[in-house]
Amino acid sequence: MSGWSCALLGHCSVSVVGQSGTLISYMNFSLRISLDLSAAQTVQLQALQQVFAEVCNALAPTVQATRVWNRVALHHLAYRELRARFPALGSQMVCNAIYAVSRTSRIVFQHPDSPFTLQRLGAAPLPLMQFAADSPVYFDRHTLSLKNGLLSLYTLEGRMRFEQALRPEDEALFHAHKLREMVLSGNAQAGYALTLWLQDMGAAAEAEEEGRSAPQRRPRGAKLTGPPPLAPSSIPDGATGVTGAAGAAGVDAAAASAMPADVSGGVLPDFVKVQPLQ
């Protein structure tokens, strides 16, 4: 059985953090939702997380073999095969897994501080990325919704719903701002949380038109801190990797400087292992 009929109700707490800084990152907000889960709900999210990681690991050899990690290009290369191989995950979540591999590849192979950046590897074979079973799961507006204080997200067994202790002004951020990313992180032992990255595109466009930095406005309840890292999805998505042994796609200096260190004590995400070819 799937859909709303099998949904489980839960509770969660919400915190909002705002960011200010350069124009490109102005009025980025991270809405963090801590999930208070039952044992059954934890099992459901863990199962989703594991299958999502399996799809990422099934796609990683394609990146290694083709030197392609542009999201659209990867979709054309692998979507149908992945959809057929993992029918339980659903079409949109397969697309989100492709995005996750593309996003991680950009950090591993394009970040100037990565030991596996193309500038260091040159024509050498790419290493293989291996995603941990508790890697982050990426959602979108098709697989996660928030309305009237009720959070609904996709699982392998149907929609899971949570009753929110969410103020109307906090929920308004979700509906009024451009969604950059929605990420489920954590594990069964430490618990799970959702982080929603939102951007006020209207404020940024207005500031750009006026040729000045955007004013320091903030929604009620949000904190402004600066200068912030860029939102995760601002990492450039234009590179397709190296098309031949001598042809490097490369990353220009401006794009490279826009890539944030993504994790714990370094550049490489802590949920992925990178295995060089022997």
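Rules and cut-offs
Residues numbered from 1 in each chain as written. Predicted model: local features only at pLDDT ≥ 70, side-chain atom pairs only at ≥ 80, totals over all residues. Heavy atoms only, no water. Core = buried A, V, L, I, M, F, W, Y, C linked by side-chain atoms within 4.5 Å. Buried < 20%, exposed > 50% of the residue type's maximum accessible area, 1.4 Å probe, protein only. Helix = DSSP H or I, 4+ residues; strand = E, 2+ residues; numbered from the N terminus. Contact = heavy atoms within 4.5 Å. 1 Å grid on protein atoms, 1.4 Å probe; cavity = no way out; pocket = protein on both sides within 12 Å on 5 of 7 lines; lining within 4 Å. Points joined across faces, edges and corners; volume = space filled by probe spheres on them. Nonpolar A, V, L, I, M, F, W, Y, C, P; charged D, E, K, R; others polar. Salt bridge = Lys/Arg side-chain N within 4 Å of Asp/Glu carboxyl O.

## Some points on the nonpolar core
The biggest cluster of nonpolar side chains holds 59 residues, and the ones touching the most others in it are Leu35, Leu82, Phe109, Met129, Phe139 and Leu194. Per element, the largest residue contribution to this core is ten residues, and it comes from helix H1 (residues 39-66). With residues near it in sequence (within four places) discarded, methionine 129 still touches Asn57, Ala60, Val63, Val101, Thr104, Ser105, Val108, Phe109, Val272 and Lys273.

## A few points about the layout of surface pockets
Here the second largest pocket is characterised by a volume of approximately 370 Å³. For the second largest pocket, the lining is made up of 15 residues, of which Arg71, Gln92, Asn96, Tyr99 and Asp140 are closest to its centre. Residue assignment for the lining of the second largest pocket shows that the elements contributing at least two residues are helix H2 (71-85), helix H3 (91-110), strand S4 (137-139) and strand S8 (178-187). Ranked by the residues each element gives to the lining of the second largest pocket, the list is headed by H3, at five residues. Looking at side-chain class alone, the lining of the second largest pocket contains seven nonpolar, three polar and five charged residues.

## Brief notes about the pattern of salt bridges
Overall, the coordinates contain one salt bridge when judged by the stated rule. Here glutamate 181 ties to arginine 103 by a salt bridge, and the two come within 2.8 Å at their closest N and O atoms. You can see glutamate 181 sitting in strand S8 and its partner arginine 103 sitting in helix H3, a full 78 residues away along the chain. With relative accessibility at 3%, the residue glutamate 181 sits in the buried group. Judged by relative accessible area, arginine 103 falls into the buried class, the value being 2%.

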